[in-house]
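What follows is each chain in one-letter form.
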2 protein chains.
Amino acid sequence: MPPPAPGDREARRKDVSEAVWTVLADKGFGGLTLRAVAAAMNVSTGMLMHYFPTKRALIAHALDLLEVRTAERPRRARPAEGLPAVRAMVLDILPLTPQDTARNRIWVSSWDIALADEELASEQAGRYARLRASIRPHFEAAGRLAQLADERADAEQLAATAVAFTHGLVVQALFDPGRFPKEVQVAMVDEFLGSLGVR
Amino acid sequence: MPPPAPGDREARRKDVSEAVWTVLADKGFGGLTLRAVAAAMNVSTGMLMHYFPTKRALIAHALDLLEVRTAERPRRARPAEGLPAVRAMVLDILPLTPQDTARNRIWVSSWDIALADEELASEQAGRYARLRASIRPHFEAAGRLAQLADERADAEQLAATAVAFTHGLVVQALFDPGRFPKEVQVAMVDEFLGSLGVR
């Protein structure tokens, strides 16, 4: 395949990203190789090396792509304050649609390489800190609005607990989608938040 | 290195397992190669191929080892019924010691290869079902003992929620051990179970 004309470069770049995503959703980071991406695009691995001269460059692109697609995913409106806002944030994370499932499957897969690499592990720790920080204000509001059963509960700790519940549910649902269809996941979220709230 | 004498075989087998464990704890399944295990043992990869003729054999051994070491880990006594028994089970899973941390880090790492392989994914789904089934009776007892805030709560769903909370906390703690020392993890468990219990 000849090198693309300048006008085609952007389109080609999108094709490459789409192929990387397809491989990740199917095989995870453990199966992410130049050969697998080339096969998904029906091009030579030589062509792909223009984009990714090293395995590390391919992994870096995959992680960027995951970050961007997570940031740009469609989200629910956040109309309500306090616990209903936490509910919307948790539902926005869970694997309730095929797209959400693919994204979560890729995140879970990324934990293996991230734990093995100090820099990636530190980035992931930062990502978790930001996620907790984005949920915490809603628990603070829930406290002010007298929505919480335990008035003295610490909003930061509740945020860590909500993130824990959510990601642990993600993993169980990825392995057993038949046991955790959308309605079961939503019922679990409602029961979990219900247990934190005034009864 | 010459092949071991028959009497040495068992000792050599233990050395191999120990080296596989060391590599997994350090680099995860993504970094598990014959070369890495051979380097950890200071032997040739050729020697190791007597034990693992293929990469798949090495992975199978690693997963067996993880299963065995998880089953054989020391556990807390289960003196109490209901929610205190759930508490002991959750604490037995969390990364509260270096050994627990290594084991959890390897489990989290295994999710990447398990999601990419239909047979391994099905085994992991079964493992989750058994874990939920082992916690469920304690929630049923909690219900009978009037320990639960919501008398109509479903024990199977509570078990799934407890597993979700636990594994999501595992992942956050692995990435940020400074933020989640033992006392924070234990406080989160107590708050989480407290929210399910009668106040």
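Here the structure is a predicted model, which means the values were calculated and not measured. (Residues numbered from 1 in each chain as written. Chains lettered and ligands numbered in written order. Predicted model: local features only at pLDDT ≥ 70, side-chain atom pairs only at ≥ 80, totals over all residues. Heavy atoms only, no water.)

Caption draft 1: Seen up close, the overall build of chain A. Scanning chain A from terminus to terminus reveals 9 helices and 0 strands. Ordered by position in the sequence, the α and β elements of chain A form the string α-α-α-α-α-α-α-α-α. Summarising its shape, the C-alpha atoms of chain A cover approximately 65 × 35 × 35 Å along the three principal directions. When each of the 199 residues of chain A is scored for burial, the buried share is 53%. Here the contacts in chain A between residues at least 6 apart in sequence split such that 67% fall between residues at least 24 apart. If you sum the accessible surface of chain A, you get close to 9,400 Å²; carbon and sulfur atoms cover 54% of it. For chain A, the centre of its 25 positive side-chain charges and the centre of its 25 negative side-chain charges are spaced 3 Å apart. (Helix = DSSP H or I, 4+ residues; strand = E, 2+ residues; numbered from the N terminus. Buried < 20%, exposed > 50% of the residue type's maximum accessible area, 1.4 Å probe, protein only. Contact = heavy atoms within 4.5 Å. Areas by Shrake-Rupley, 256 points an atom, 1.4 Å probe, with all protein chains shown as cover. Lys, Arg positive; Asp, Glu negative; His and termini not counted. Charge placed at Lys NZ, Arg CZ, Asp CG, Glu CD.)

Caption draft 2: Region of the structure containing helix H1 (residues 9-27) of chain B. Residue and element names in this part refer to chain B. Under the 1.5 Å per step criterion, the end-to-end length of H1 is 27 Å for 19 residues, consistent within 8% with the ideal 27 Å. Every buried residue of H1 is listed here: Arg-12, Val-16, Ser-17, Ala-19, Val-20, Trp-21, Val-23 and Leu-24. If you follow the buried residues of H1, they end up packed against helix H2 (34-41), helix H3 (45-48), helix H4 (55-71) and helix H6 (98-115). Downstream of H1 by one or two residues, Gly-28 has phi in the positive range, about 70°. (Expected span 1.5 Å × (residues − 1).)

Caption draft 3: Local environment of the domain arrangement of chain A. All names here are of chain A. One can read the domain layout of chain A as domain 1 (6-69) and domain 2 (75-196). Domain 1 and domain 2 are separated by 29 Å when their C-alpha centres are compared. On the side of domain 2, 13 residues touch domain 1, which itself brings 13 residues to the contact. Interface of domain 1 and domain 2: buried area, both sides summed, is about 1,100 Å²; carbon and sulfur atoms make up 66% of it. The largest share of the area that domain 1 buries against domain 2 comes from Phe-29, Leu-66 and Glu-67, three residues that together contribute 42% of it. Scanning the region where domain 1 abuts domain 2 turns up 2 salt bridges. Close ionic contact of Arg-127 with Glu-67 constitutes a salt bridge, the shortest N to O distance being 2.8 Å. Put simply, domain 1 and domain 2 have 4 residue pairs in polar contact (both at pLDDT 80 or more) between them. Contributing elements (two or more residues each) for the side of domain 1 that touches domain 2: helix H1 (9-27) and helix H4 (55-71). Per-class residue counts for the side of domain 1 that touches domain 2 are 7 nonpolar, 1 polar and 5 charged. (Domains from an automatic or database assignment. Buried area = accessible area lost by both parts, 1.4 Å probe. Salt bridge = Lys/Arg side-chain N within 4 Å of Asp/Glu carboxyl O. Polar contact = N/O pair within 3.5 Å; in protein donor to acceptor, adjacent residues only side chain to side chain. Nonpolar A, V, L, I, M, F, W, Y, C, P; charged D, E, K, R; others polar.)

Caption draft 4: Looking closely at the nonpolar core. Of all hydrophobic cores here, the largest spans 141 residues; its most connected members are Phe-139 of chain A together with Phe-139 of chain B. Residues in contact with Phe-139 of chain B, not counting those within four places in the same chain, are Leu-83, Val-86, Leu-148, Ala-155, Leu-158, Ala-159, Ala-162 and Leu-196 of chain B. (Core = buried A, V, L, I, M, F, W, Y, C linked by side-chain atoms within 4.5 Å.)

Caption draft 5: Representation of the packing of aromatic side chains within the structure. Evaluation of the coordinates by the stated rule reveals 7 aromatic pairs over all chains. Ring centres of Phe-175 of chain A and Tyr-128 of chain B lie 6.3 Å apart, and the angle between their planes is 45°; this geometry places the pair in the tilted category. A residue pair is termed interchain when its members come from two chains, as with Phe-175 of chain A in helix H8 (residues 155-175) and Tyr-128 of chain B in helix H7 (residues 118-144). Geometry around Trp-21 of chain B places Arg-69 of chain B over its ring, the cationic atom sitting 4.7 Å from the centre. Cation over ring: Arg-179 of chain B sits above Phe-180 of chain B, and NZ or CZ is 4.5 Å from the ring centre. (Phe/Tyr/Trp six-rings, centres within 6.5 Å; stacked < 30°, edge-to-face > 60°. Lys NZ or Arg CZ within 6 Å of the ring centre and 35° of its normal.)

Caption draft 6: Structural view of the pattern of salt bridges. The final tally for this structure, using the stated rule, is 26 salt bridges over all chains. Arg-105 of chain B is the partner of Asp-112 of chain A in a salt bridge, and the nearest nitrogen-oxygen pair spans 3.9 Å. Residue Asp-112 of chain A is found in helix H6 (residues 98-115), and its partner Arg-105 of chain B is found in helix H6; the two belong to separate chains. The same class applies to Asp-112 of chain A and to Arg-105 of chain B, which are both buried. Notably, a salt bridge pairs Arg-152 of chain A with Asp-150 of chain A, separated by 3.9 Å at the nearest N-O pair. Judged by relative accessible area, Arg-152 of chain A falls into the exposed class, the value being 76%.

Caption draft 7: Looking closely at the relation of the copies chain B and chain A. When chain B is brought onto chain A, the operation consists of a screw motion whose angular component is 180° and whose axial shift is 0.0 Å, with 0.0 Å RMSD remaining. The symmetry that links the two subunits is that of a two-fold axis. A shared binding surface is used by both copies, with 100% of the interface residues of chain B retained as interface residues in chain A. (Least-squares fit on C-alpha atoms with pLDDT ≥ 70 in both.)

Caption draft 8: Local environment of the UniProt feature "domain: HTH tetR-type" (unreviewed entry) in chain A. Mapped onto the present numbering, the UniProt feature "domain: HTH tetR-type" (unreviewed entry) falls on residues 10-70 of chain A. Between the end C-alpha atoms of residues 10-70 of chain A the distance is 21 Å, and the span holds 75% helix and 0% strand. (UniProt positions renumbered as here; feature names shortened; annotations may be inferred.)

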